[in-house]
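Coordinates in review
Take a look at the letters that make up each chain.
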Amino acid sequence: PKITNLFCNYSAFYTENFTDISERYYKSFQVSISTNDLLFGAWASYFYLWTKFLSGEPLDDLIDRFADVYLFLKKTNDQKMILSFLMFTDFIYRLKGDASYFSDIDRSHYFIDAYSEYEYFEMSNFSQGSSWASISSCISDYIFGNYNQVIWASKKYLSDSNIDIVMFPLTQLYFYEALS
């Protein structure tokens, strides 16, 4: 799983389509389950969903995949990746125009009431989470016509991002960065 994650995160997206990369992440996720590799499995499962989204997977089909990923993430007890997953699921439901959210989780356990997700990630020194949240916000805000929000988020959270931190979702940044 480690080699697959590194390859997919840093180089595959230059030469392969997201459908193929998604399959690599899925295989890495499955191997992580069988070998109990919780660290790289958490990343593989999260990026599996991201690449499915970027490859054009219908949103309802993507939502059908949430439960399996969450069951694995719950085993990892990786709070940062679980929160990243929750923000991703909220993003997909927002795109779908659905006010509901992934309901298999007691969400109160993963949120610090006094802080936004961005602040939580900043306090946790997990800049990847802030960047991933910003990219998903830029995508949905752009689609729904909230252009000033796109400009604000890309300036505040993405202007200093680099490929080593954000990995392949950074490829989605360039379009929104150009707006600011």
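By convention here, each chain's residues receive numbers from 1 onward along its written sequence. Where totals are concerned, whole chains, interfaces and linings use all residues; where local detail is concerned, this predicted model gives features only for residues with pLDDT of at least 70, and gives and counts side-chain atom pairs only at 80 or more. Side-chain measures here rest on the full set of heavy atoms in the structure, leaving out hydrogens and waters.

**Focus: the environment of G41**
Tracing the backbone shows G41 in helix α3 (residues 38-54). Considered as a pair, G41 and Q30 are 11 residues apart in the sequence and their alpha carbons are 8.0 Å apart. The residues touching G41, leaving out its near neighbours within four places in the chain, are F29, S32 and F72. By the criteria applied, helices consist of DSSP H or I runs no shorter than four residues and strands consist of E runs no shorter than two, each listed in order from the N terminus. Between two residues, a contact is recorded if the distance between any of their heavy atoms is within 4.5 Å.

**Thoughts on the packing of aromatic side chains**
Stacked, edge-to-face and tilted labels apply to pairs of Phe, Tyr and Trp rings (six-membered ring for Trp) whose centres lie within 6.5 Å, assigned for plane angles under 30 degrees, over 60, and everything in between, in that order. According to the stated counting rule, one finds 25 aromatic pairs in the structure shown. Taken together, a centroid distance of 6.1 Å and an interplanar angle of 20° make the contact between Y70 and F85 stacked. Pair noted here: Y70 is in helix α5 (residues 66-76) and F85 is in helix α6 (residues 79-96), with a separation of 15 residues, a long-range link. For the pair formed by Y70 and F85, the shared burial category is buried. With a centroid separation of 5.5 Å and 50° between ring planes, the pair formed by F121 and F126 is classed as tilted. Taken as a pair, F121 and F126 share a single burial class, namely buried. Here the term buried applies to any residue with accessible area under 20% of the maximum for its type, exposed to any over 50%, and partly exposed to those in between, with areas from a 1.4 Å probe on protein chains only.

**Description of the packing of α6 against helix α8 (residues 127-143)**
It is the contact of α6 with α8, at a shortest axis distance of 10 Å, that shows an interaxial angle of 5°. With respect to each other, α6 and α8 are oriented roughly parallel. Only G129, W132, A133, S136, S137, I139, S140 and I143 of α8 make contact with α6, whose side of the interface consists of M81, S84, M87, F91, R94 and L95. Partitioning the contact of α6 with α8 into residue classes produces eight nonpolar, five polar and one charged. Lines fitted to C-alpha atoms define the axes, with helix axes restricted to the stretch in contact, and inter-axis angles between N-to-C directions lie between 0 and 180 degrees. For classification purposes, angles smaller than 35 degrees are called roughly parallel, those larger than 145 roughly antiparallel, those between 65 and 115 roughly perpendicular, and all remaining angles oblique. Residue type decides the class: Asp, Glu, Lys and Arg count as charged, Ala, Val, Leu, Ile, Met, Phe, Trp, Tyr, Cys and Pro as nonpolar, and the leftover types, Gly among them, as polar.

**A look at the nonpolar core**
Among the nonpolar cores identified, the biggest contains 49 residues, and W50, F53, F66 and F88 are the most heavily contacted of them. Every residue in contact with F53, bar those within four places of it in the chain, is listed here: L59, L62, F88, F91, I92, L95 and I139. As used in this record, nonpolar core signifies buried Ala, Val, Leu, Ile, Met, Phe, Trp, Tyr and Cys residues forming a set joined through side-chain atoms within 4.5 Å.

**Quick look at a nonpolar patch on the surface**
Put simply, a patch holds well-exposed residues, over 30% relative accessible area, that have no salt bridge, with like charges counted together within 9 Å and Val, Leu, Ile, Met, Phe, Trp or Tyr side chains within 5 Å. Where accessible areas are quoted, they stem from the Shrake-Rupley method and a 1.4 Å probe; at the residue level, only the protein chains shown are allowed to cover. Any carboxyl oxygen of Asp or Glu that lies within 4 Å of a side-chain nitrogen of Lys or Arg is treated as forming a salt bridge with it. Together, Y142, I143, F144, Y147, F175 and L179 make up a nonpolar patch on the protein surface, roughly 580 Å² of accessible area in all. Of all the secondary structure elements, the ones that give two or more residues to the nonpolar patch are α8 and α11 (173-179). The residue I143 is located in helix α8 in this model. Judged by relative accessible area, which is 54%, I143 ranks as exposed.

**Structural notes on the confidence of the model for the protein**
With 80% of its residues at a pLDDT of 70 or more, the protein has an overall mean of 81. The predictor attaches a confidence to each residue, and that confidence, scored 0 to 100, is pLDDT. Mean pLDDT values for the elements of the protein range from 54 in helix α10 (residues 163-166) up to 94 in helix α4 (residues 59-64).

**Regarding unusual backbone geometry**
The backbone of N77 shows a phi angle near 60°, a positive value even though the residue is not glycine. Mapped onto the elements of the fold, N77 is located in the loop between α5 and α6. A residue is classified by how much of its surface remains accessible, and N77, at 53% relative accessible area, is exposed. Positioned with a positive phi, N125 is a non-glycine residue whose angle comes to about 55°. Along the chain, the position of N125 falls in the loop between α7 (117-123) and α8. Taking relative accessible area as the criterion, N125 reaches 72% and is therefore assigned exposed.

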